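# Coordinate inspection notes
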Amino acid sequence: MYTLLLLGSAAAAAAATPLTLLDARSYPLARCMDGSPGGFYLETARGPPAAAATSWVIELEGGGECASQRLCDARRGTPLASSLHFPASATLGNLASGNPEHNPRLARWNRVHVPYCSQDLWMGTRTTNASGQDPAVGNGTLGYYFAGHRILEAVLAELAAAHGLGDATNIVLTGESAGGIGVWPNLDWLAQQFPAARVVGAPIAGFYFFAYPYQGPGHTDSGLADFRAPAWPQHAKLWGSFVDEDCRRALGDRAYACSLANYSFPFVTSDAFVVESQTDKVVIEYHDWVPESQDPHFSQEVRAYLTAWQANMTRALAPAMDGGNKKNGVFNPACFIHTGFDADGPLIGNASYYAAFDAWFHGEKPELWKLQDDCGILCNPTCPH
């Protein structure tokens, strides 16, 4: 669930990317849950080609979410709630990786990792930390700030003011897990902020729908926030969720559903490349009540649930898989993983998600643009699980 890779040796730490904290006076709304300022890690471009200098990868970190006093209190004193606990330096991964072997072209771009300290799936706009009754929220904000969207907004403003983002010609907005979820509501908004740039999304393990949990023998309950449909109006209210504007207008009173890609995807006009497992381990075990203890020896009842879950994911991605749809790419292996995508696996047709995204983004090798296993459940032999 986490995309930040900490370095263990002094030699490695010397090459790591330093943390930049936002100036709270310049960006007073960009607060972590405890009120400390947000921040970012930036690696500047090192082309050739010359176009790398105006090309950017911006990665939103993942790390769950909280929508209850118990879960939010559990984040206190950690990097998921406070920049006071951010590491001073880090190395960037995934599509923000500087590894030229795995990520040959994007590794030369400007690459930004934005650490996640708001627990609102990068949608929050709550800039007061009311612990009591707040008419705008109902029961207050549990004593915390939820300002993920405001942090992203401030990071972009700082990058434009001080590092040349305003001259961008290419921007890839990516993220894993909660960061992947956060790509969808922010993608078209980002494109509007930088109209001269080509802006695309690359969410990893971020294509969610409402939870319809397993309720067979041995079922558990939600280890993370409740993602069943009735819970979402309160989540959106608590966080003050920023969602895709076209989706919000279309769904009206049900705009809370726009928090999840299954409902916002039809309204997102920007191009996007979806990286998603056909059976998502974290979602299924921590939102959908499948017992972790059964993995990998699932009961017949659980296998039936996984089969149905996979069918729902396949159906959700069908519009993106449509061969006539050139704006979307897909990498969808039959794995039981969440964010475990790497250059070594899973592979589909000998291609990693790095290779598939690279081909799609650059308009090369169309056979790699839409990759989806059709072998059944849990059947890709290259899955890391």
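Everything numeric in this text was worked out from a predicted model, so none of it was measured. The numbers attached to residues start from 1 for each chain and follow its sequence in the written order. For this predicted model, a pLDDT threshold of at least 70 governs which residues receive local features, and a threshold of 80 or more governs which side-chain atom pairs are given and counted, while totals over whole chains, interfaces and linings are taken from all residues. Side-chain measures were taken over the full set of non-hydrogen atoms in the model, leaving aside hydrogen atoms and water.

Think of it this way: any DSSP run of H or I at least four residues long counts as a helix, any run of E at least two long counts as a strand, and we number them from the N terminus. Helix span, expected: 1.5 Å multiplied by one less than the number of residues in the helix. Look at helix H3 (residues 148–163): 21 Å from first C-alpha to last across 16 residues, which is about the 22 Å you get at 1.5 Å a residue. Residue exposure (1.4 Å probe, protein chains only): buried if accessible area is under 20% of the type maximum, exposed if over 50%, otherwise partly exposed. Buried within H3 we find Gly-148, His-149, Ile-151, Leu-152, Ala-154, Val-155, Leu-156 and Leu-159. The secondary structure elements touched by the buried residues of H3 are strand S2 (39–43), strand S3 (55–60), strand S5 (110–114) and helix H4 (178–193). Phi for Gly-164, located one or two positions after H3, is positive at around 90°. Only heavy atoms matter for contacts: two residues are in contact if any of them lie within 4.5 Å across the pair.

Pairing of aromatic rings covers Phe, Tyr and the six-membered ring of Trp, with a centre-to-centre limit of 6.5 Å; geometry is then stacked below 30 degrees between planes, edge-to-face above 60, and tilted otherwise. Per the stated rule, a full pass over the model turns up 20 aromatic pairs. Each ring, one from Trp-232 and one from Trp-239, has its centre 6.3 Å from the other, and the planes form 75°; the classification is edge-to-face. Counting as a charge over the ring demands two things of the Lys NZ or Arg CZ atom: a distance within 6 Å of the ring centre and an angle within 35 degrees of the ring normal. Just above the ring of Phe-361 sits the side chain of Arg-198; from NZ or CZ to the centre is 4.0 Å.

Counted as salt bridges are all cases of a side-chain nitrogen of Lys or Arg within 4 Å of a carboxyl oxygen of Asp or Glu. Per the stated rule, a full pass over the model turns up ten salt bridges. Measuring nitrogen to oxygen at the nearest pair gives 3.2 Å for the salt bridge that ties Glu-153 to Arg-150. Of this pair, Glu-153 and Arg-150 both sit in helix H3, three residues apart, roughly one helical turn. For Glu-153, a relative accessible area of 33% translates into the label partly exposed.

Moving on to the pairing of strand S6 (residues 170–176). Counting buried residues along S6, seven of its seven residues qualify, which places the element largely inside the surrounding structure. Judged from the six bridges that link them, S3 and S6 form a sheet pairing that is parallel. Paired with Val-57 across the bridge in S6 is Val-172. Seen with the strands pointing away from the viewer, any crossover whose path from the first strand over the helix to the second strand runs clockwise is right-handed. Once the chain exits S6 it traverses H4 before rejoining the sheet at strand S7 (residues 198–204), and the crossover so formed is right-handed. Two strands form a pair only when DSSP identifies at least two bridges running between them.

The next subject is the sheet that holds S7. The strand order across the open sheet built from ten strands is S4-S1-S2-S5-S3-S6-S7-S8-S10-S12, with neighbouring strands paired in mixed fashion. This sheet does not close on itself; its edge strands, each paired only once, are strand S4 (89–90) and strand S12 (370–372). Pairing analysis gives four bridges linking strand S8 (residues 271–275) to strand S10 (residues 328–332), with the strands arranged parallel. Across the sheet, Val-275 pairs through a bridge with Phe-331, a residue of S10. Whenever a helix is involved, its axis is fitted only over the stretch in contact; in every case the axis is a line through C-alpha atoms, and angles between N-to-C directions fall within 0 to 180 degrees. Across the sheet, H4 touches S3, S6, S7 and S8, and the angle it forms with S6 is around 155°. Contacts from helix H10 (residues 353–361) reach S6, S7, S8, S10 and S12, with the element oriented near 165° to S8.

For the rest of this paragraph, the subject is the state of the cysteines. In this description, a disulfide is simply a cysteine sulfur pair whose atoms lie within 2.5 Å. Evaluation of the coordinates by the stated rule reveals five disulfides. Bridging Cys-247 to Cys-258, the disulfide has an S-S length of 2.1 Å. Here the disulfide of Cys-247 and Cys-258 is left-handed, its torsion about the S-S bond being about -90°. Taken as a pair, Cys-247 in helix H6 (residues 245–251) and Cys-258 in the loop between H6 and helix H7 (261–264) lie far apart in primary sequence, eleven residues in all. With a relative accessible area of 0%, Cys-247 lands in the buried category. When the cysteines of the chain that form disulfides are numbered from the N-terminus onward, they connect as 1-4, 2-3, 5-6, 7-10, 8-9.

Let us look at the nonpolar core. Judged by nonpolar contacts, the single largest core of 118 residues is most densely connected at Leu-121, Ile-171, Phe-207, Phe-331 and Phe-357. In terms of residues, this core owes the most to one element, helix H9 (residues 300–321), which gives eight residues. Excluding its chain neighbours within four sequence positions, the residues that come into contact with Phe-207 are Trp-184, Ala-261, Asn-262, Phe-265, Val-274, Glu-276, Met-313, Ala-316 and Leu-317. Here, the term nonpolar core denotes a set of buried Ala, Val, Leu, Ile, Met, Phe, Trp, Tyr and Cys residues that are joined through side-chain atoms within 4.5 Å.

Once that is clear, we can look at the packing of H3 against H4. Relative orientation of the contacting elements H3 and H4 amounts to 30°, with a least axis distance of 12 Å. Relative to H4, H3 is oriented roughly parallel. Here H3 runs over H4; the crossing is right-handed. Every residue of H4 that contacts H3 at His-149, Leu-152, Glu-153 and Leu-156 is listed here: Asn-186, Trp-189 and Leu-190. Under this scheme an angle from 65 to 115 degrees is roughly perpendicular, one under 35 degrees roughly parallel, and one over 145 degrees roughly antiparallel; angles in between are oblique. Left-handed describes a crossing in which the near helix is turned anticlockwise from the far one by less than a right angle; the clockwise case is right-handed.

Right, let's talk about the environment of Ala-81 for a bit. Here Ala-81 lies in the loop between helix H2 (69–74) and S4. Each C-alpha atom of the pair Ala-81 and Pro-381 lies 38 Å from the other, and the pair is 300 residues apart in sequence. With sequence-adjacent residues up to four places away left out, Ala-81 is seen in contact with Cys-32, Met-33, Asp-34, Arg-75, Arg-76 and Cys-117.

Turning our attention to the confidence of the model for the chain. Averaged over every residue, the pLDDT of the chain is 93; residues scoring 70 or more account for 94%. The quantity called pLDDT is the predictor's confidence in a given residue, expressed from 0 to 100. Here residues 1–14 scores under 50 on pLDDT; set against residues more than four positions off or in separate chains, the count is 33 contacts. The model gives residues 132–137 a pLDDT under 50, and that stretch makes twelve contacts with residues more than four places away or in other chains.

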